[in-house]
Amino acid sequence: MKIVNFSSIDKKWQKEWEKAKLFEAKEDTKKEKYYALEMYPYPSGSGLHIGHAFNYTLGDILARFMRMNGKSVLHPMGFDSFGLPAENAAIKEGAHPRKYTDTAIKRFIDQQKALGLSYDWSRKIQSHDPEYYRWNQYFFLQFLKKGLVYRKESPVNWCNKCESVLANEQVHNGKCWRHTDIDVVIRNLEQWFVKTTKYADELLKDVDSLDWPERIKAMQKNWIGKSEGTEVLFEINGEKWPVFTTRVDTLFGVTFLVMSAQHSRLSEIVTKEQKKHVDAFLKKIKSTKQEDMDKMDKEGVFSGSYAIHPLSGKKVPIWIGNFVVADYGSGVVMAVPAHDQRDFDFAKKYSIPLIQVIKPAKGEHSDKNKAFEDYGVLVNSHEFNGLTSEEAIRHIQIALKEKKLGKEVTNYKLRDWLISRQRYWGTPIPIIYCNDCGAVPVSEKDLPVILPEKVTFGKGNPLLTNSKFVNVRCPNCGKKGRRETDTMDTFMDSSWYYMRFTDPQNKKSPISPDCISYWMPVDFYTGGAEHACMHLIYARFFTKALRDLGYLRVSEPFTKLFNQGMVHGEDGFVMSKSRGNVVDPLDMTSKYGADTLRLFLVSMASPDKDSSWSSTGIESMYKFVSRVWDYSKNVRFGSSSPRIQHKVNKAIIEIGNGIKNINYNMVVIKLRALFDSFESEIDKGDFATYLQLLAPFAPHVAEEIWHNVLGYKTFISTSEWPTADKSRINDNIDKIEEIFEKTVSDIQNILRIIREKDGRDAKHIYLYAIPPEVRNFDKEVLSKRLGIEVSVFAVNDSKKYDPEGKASKAKPGKPGIYVE
Ligand SMILES: [Zn+2]
Ligand SMILES: [Zn+2]
């Protein structure tokens, strides 16, 4: 086999495609659209890794397939280029984040181009372009007008290493998501929030309509965390405080209340005597995130104050606990130790009494170490005694409503999205503070508020170090003002970039109605499962919010979501420099060519499953591509046998379906099997069809053979996907081959047994087939396959050699076998 320099073929066609603007997307109303998108990457300095290459190849195969199927395809790429990693890397390397980012992007693009990805590069987006982030600022102002953005002081997660606030989603087990060794601390700061909770119910309801992995859908639902319950008003220091519960049937079992340790009004309930204990307790708390709180040891301290029970009128002590989220409900929960295990453990720990108010419907609750958490029948609950839990919930709600001491409510775990970041490399928040006018929005005509180049790093918030940026006039009264120096969370950028791709050069508007209504929603969105809650919730929120502001008509951004599996190193471990098991995509494309890498990446496993790299695997794929190449040079073009006609036409259907269903690994098996069945002569059209089936996976080689062997002047990449001629499909051919293969493997088994048992090799095989099947067993082919001489007889052949009467054992599909 000749060594072919596939990498130079890659470059040639990549150039030709670019020259022909082959992949530029057009809003062609006569065509159906298809929008295939891979999550735009953060351009890290270390360049593209194999996981990126895999992710992009998955989307590219589908984009190419849809293009060949007559769709107008949008397949864009951009860069999520703002963010802390660039800022930190820049500080470390002494380079400006802009320079660091621009260099990284350039390298990324080179690597992406080497993979032969069919992107419309004319639509490239970079978050750090003022022409992109001006629209973040614009949307911020639109949201502000509609009350979807607001400012408030609140306890926030703070990472001392990031020197910035973290969103709840960015705190993992009480640690920073980037710095797993850094405990997150709680600070109180004035911050900007996006009111994602306004859409909590719709975000939850619409999850069911999505063609997304079930696991991701469950995570979204859980994150939004809807619960129906009752808001009960407890009187504290003469004021009514709302407390949320899903189990108001246990109301008479309340023996204490717990207030969040981060509650903004905590100081009002802490008595002088208890202050010292409370302060000591607060110092120990590391996270305000529900998930972390669920895992922490439940601890608390008595506040010194009491609340009045709304129905019994009894005094109930108020504790401060580390397991209550400040902005869940009102930040105060009722504790029912007899019927909630967490409260039970807490009460035991601090010797707080419990009152049983629910009895099992049958029998008694006997386990003294466990709370009885099930529904049952009410006891010790005044006029509600004897009611079932379900009945009691309704009756107690009515009783509370009559006294104006409570009502039915729905609660969500979802928090509003904190977007203020005390960092440089992000979108400046378009606000100016004035002593007289307060927080004044920058006028839309003054956008973008440009991120200044000149700042000093390493001394807190870098934007504070540029006085020209900070000291500005108030847009309202003209007096001295001070610009907001926080920047936006970069998830703001990624919340709508997929919309901007539909009209990326628009200077007048973030998106235009024509383009957005043509392209949205994204039909196929590929990326890592780590975005289950942050990016995907924010993007869904943005879509709904912008719909209500009149920008688009759809309610969901991504119709189908696909999470690719991880590509591990050859040793089965996550690829890492320290393990030395990293595979660089660029090394692979220059050694084997892009097509081999693409084919290999999607053949290792089902694309949604994890896989491990294999250097013998990619070698074998390289040999396959080389064999296709050699075949194209040596084949005789004439007519295809009925067998090949059948196989080619059947493959058109199977491979088309396989691609649509992202069963790429199965498709590659079929492509290889079909090729292996080819004979020394083939119809030119059938071979062209084969190349078309191969083209989404191996576009460069396909394009080269298409032009230079088959003589086409147009591109295979935009050729029309072949249609199967069903009259050529004859499933009998497959059946015959199956029987043939089965017979071969039966004989091989017999030969092996003889070798193992008798220690000798057989000399001759005699095969007895029923008359209609005789012609399916070519003795030359069989002899060659088995490496031993084979004779084939019909069972009714009177001249046959059959010393043991094996002919009588033959059945349809199973010839008799005699071995000598
Ligand atoms: Zn951090
Ligand atoms: Zn002013």
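First things first, this report covers the structure right here in the doc. The written sequence of each chain sets the order in which its residues are numbered from 1. Going through the entries in the order they are written, you letter the chains from A and number the ligands from 1. With pLDDT at 70 or above as the cut-off, local features in this predicted model cover only qualifying residues; side-chain atom pairs require 80 or more to be listed or tallied, and sums for whole chains, interfaces and linings still use all residues. By convention in this description, side-chain values take in all heavy atoms of the structure and omit both hydrogens and water.

## With respect to the packing of aromatic side chains
The description of two aromatic rings rests on the distance between their centres and on the angle between their planes.
Thinking step 1. Classification of ring pairs uses Phe, Tyr and Trp, with its six-membered ring standing for Trp, and accepts pairs whose centres are within 6.5 Å; under 30 degrees between planes counts as stacked, over 60 as edge-to-face, and the remaining range as tilted. Tallied over the entire structure, the rule returns 60 aromatic pairs.
Thinking step 2. When the centroid spacing of 6.3 Å and the interplanar angle of 90° are considered together, the rings of Trp-13 and Phe-715 count as edge-to-face. Placement of Trp-13 in helix H1 (residues 6-19) and of Phe-715 in the loop between helix H24 (699-708) and helix H25 (731-758) is noted, with a sequence separation of 702 residues between them. Just as Trp-13 is buried, Phe-715 falls in that class too.
Thinking step 3. Three or more aromatic residues joined by ring pairs make a cluster, and in this case those are Tyr-132, Trp-135, Tyr-138, Phe-139, Phe-143, Tyr-199, Trp-496, Phe-541, Phe-542 and Tyr-551.
Thinking step 4. For a lysine, the NZ atom is tested; for an arginine, the CZ atom; a charge sits over a ring if that atom is within 6 Å of the ring centre and within 35 degrees of the ring normal. The ring of Tyr-306 carries Lys-315 above its face, with NZ or CZ at 4.6 Å from the centroid.
Thinking step 5. Positioned above the aromatic ring of Phe-637, the side-chain terminus of Lys-684 is 5.8 Å from the ring centre. Under the scheme used here, helices are H or I runs from DSSP no shorter than 4 residues and strands are E runs no shorter than 2 residues, and both carry numbers assigned from the N terminus. Burial here depends on accessible area, computed with a 1.4 Å probe over protein chains only, as a share of the maximum for the residue type. Under 20% is buried, over 50% is exposed, and the range in between is partly exposed.

## A short note on the coordination of the zinc ion (ligand 2)
The reference angle at a metal is 109.5 degrees if four donors form a tetrahedron and 90 or 180 degrees if six donors form an octahedron.
Thinking step 1. Each metal site lists N, O and S donors within 2.8 Å (3.2 Å for Na, K and Ca). With water left out of the atoms, a site can look as if it is missing ligands. Within the protein, the atoms that donate to the zinc ion (ligand 2) are Cys-434 (SG), Cys-437 (SG), Cys-474 (SG) and Cys-477 (SG), at distances of 2.2 to 2.3 Å.
Thinking step 2. All donors to the zinc ion (ligand 2) come from one chain, and their sequence spacing reads C-x2-C-x36-C-x2-C. Highlighted residues: Cys-437 in the loop between strand S21 (431-434) and strand S22 (438-441) and Cys-474 in the loop between strand S23 (471-473) and strand S24 (480-483), separated in sequence by 37 residues.

## A word on the pairing of S22
Thinking step 1. Relative to S22, S21 runs antiparallel, the two sharing four bridges. Looking at the pairing, Ile-431 lines up with Pro-441 of S22. Any two strands with at least two DSSP bridges between them are considered paired.

## Remarks on the pairing of strand S26 (residues 522-527)
Thinking step 1. In terms of burial, S26 is largely enclosed, as six of its six residues are buried.
Thinking step 2. Across three bridges, the pairing between strand S1 (residues 33-38) and S26 is parallel. Pairing of Ala-36 across the sheet is with Phe-524, part of S26.
Thinking step 3. Note: S26 against strand S27 (residues 558-563), five bridges, orientation parallel. Following the sheet pairing, Gly-527 is matched in S27 by Asn-563.
Thinking step 4. With respect to chirality, the unit in which S26 leads through helix H17 (residues 534-548) into the neighbouring parallel S27 is right-handed. Handedness is read with the strands pointing away from the viewer; a crossover is right-handed when the path from the first strand over the helix to the second is clockwise.

## Concerning the sheet that holds S26
Thinking step 1. The strand order S2-S1-S26-S27 describes an open sheet built from four strands, whose pairing is parallel. Two strands lie at the open edges of the sheet, namely strand S2 (72-74) and S27, each paired on one side alone. Mean inter-strand twist for the sheet, computed between neighbouring axes without regard to direction, equals 20°.
Thinking step 2. Whether two residues touch is decided by their heavy atoms; if any such pair falls within 4.5 Å, the residues are in contact. Convention adopted: a line fitted to C-alpha atoms gives each axis, helices being fitted over their contacting stretch, and angles between N-to-C directions are expressed from 0 to 180 degrees. On top of the sheet, helix H2 (residues 50-68) reaches S1, S2, S26 and S27; it is set at about 170° to S1, its chief contact.

## Looking at the side chain of His-52
Thinking step 1. Relative to the elements of secondary structure, His-52 occurs in helix H2.
Thinking step 2. The contact partners of His-52, leaving out residues within four places of it in the chain, are Pro-41, Gly-47 and Phe-108.

## Looking at the sheet that holds S23
Thinking step 1. Taken together, four strands build an open sheet; the order of strands is S22-S21-S24-S23 and the sheet is antiparallel. The open sheet is flanked by S22 and S23, the only strands paired with a single partner. On average, each strand axis in the sheet is inclined to that of its neighbour by 45°, with strand direction left out of account.
Thinking step 2. When S21 meets S24, the two strands line up antiparallel, connected through three bridges. Along S24, the bridge assignment pairs Cys-434 with Gly-481.

## Quick look at the pattern of salt bridges
Thinking step 1. Think of a salt bridge as a Lys or Arg side-chain nitrogen and an Asp or Glu carboxyl oxygen that are within 4 Å of each other. All told, the structure shown has 58 salt bridges when counted by the stated rule.
Thinking step 2. The salt bridge partner of Asp-60 is Arg-598, with a shortest N-O separation of 2.8 Å. Highlighted residues: Asp-60 in helix H2 and Arg-598 in helix H19 (residues 594-603), separated in sequence by 538 residues.
Thinking step 3. A salt bridge links Lys-670 to Glu-654, with the nearest nitrogen and oxygen atoms 3.4 Å apart. Of this pair, Lys-670 sits in helix H22 (residues 664-676) while Glu-654 sits in helix H21 (residues 642-660), and the two are 16 residues apart along the sequence.

## Quick word on the packing of H25 against helix H26 (residues 779-786)
Thinking step 1. In the contact formed by H25 and H26, the axes pass within 11 Å of each other and the chain directions differ by 45°. Considered as vectors, H25 and H26 are oriented oblique to each other. Judged by the sense of rotation from one axis to the other, the crossing of H25 with H26 is right-handed. When H25 is examined against H26, the residues Phe-740, Glu-741, Val-744, Ile-747 and Gln-748 are found in contact with a partner set consisting of Val-781, Leu-782, Arg-785 and Leu-786.
Thinking step 2. Under the convention adopted here, Pro, Cys and the residues Ala, Val, Leu, Ile, Met, Phe, Trp and Tyr are nonpolar, Asp, Glu, Lys and Arg are charged, and Gly plus all remaining residues are polar. Split into classes, the residues belonging to the contact of H25 with H26 amount to six nonpolar, one polar and two charged. Should an angle fall under 35 degrees it is called roughly parallel, over 145 degrees roughly antiparallel, and 65 to 115 degrees roughly perpendicular, with every other angle called oblique. Less than a right angle of anticlockwise turn of the near helix away from the far helix marks a crossing as left-handed, whereas a clockwise turn marks it as right-handed.

## Some remarks on the environment of Lys-591
Thinking step 1. Following the sequence through the fold, Lys-591 ends up in helix H18 (residues 585-592).
Thinking step 2. The sequence separation of Lys-591 and Gln-14 amounts to 577 residues, and the corresponding C-alpha distance is 17 Å.
Thinking step 3. Pairs of N or O atoms within 3.5 Å make up the polar contacts considered here, provided that, within protein, one atom can donate a hydrogen while the other can accept it, and that residues adjacent in sequence are counted only when both atoms are side-chain atoms. Within polar-contact distance, the side chain of Lys-591 engages the side chain of Tyr-592 at 3.3 Å.

## Here's the deal with unusual backbone geometry
Thinking step 1. With an omega dihedral of 0°, the bond running from Leu-447 to Pro-448 counts as a cis peptide bond.
Thinking step 2. Tracing the backbone shows Pro-448 in the loop between S22 and helix H13 (467-470).
Thinking step 3. Cis peptide bonds are those with omega within 30 degrees of zero, and the linkage from Met-520 to Pro-521 qualifies with 0°.
Thinking step 4. Along the chain, Pro-521 falls in the loop between helix H16 (513-519) and S26.
Thinking step 5. The phi torsion at Lys-404 lies on the positive side, around 55°, for a residue other than glycine.
Thinking step 6. Residue position: Lys-404 is located in the loop between helix H12 (389-402) and strand S18 (406-412).

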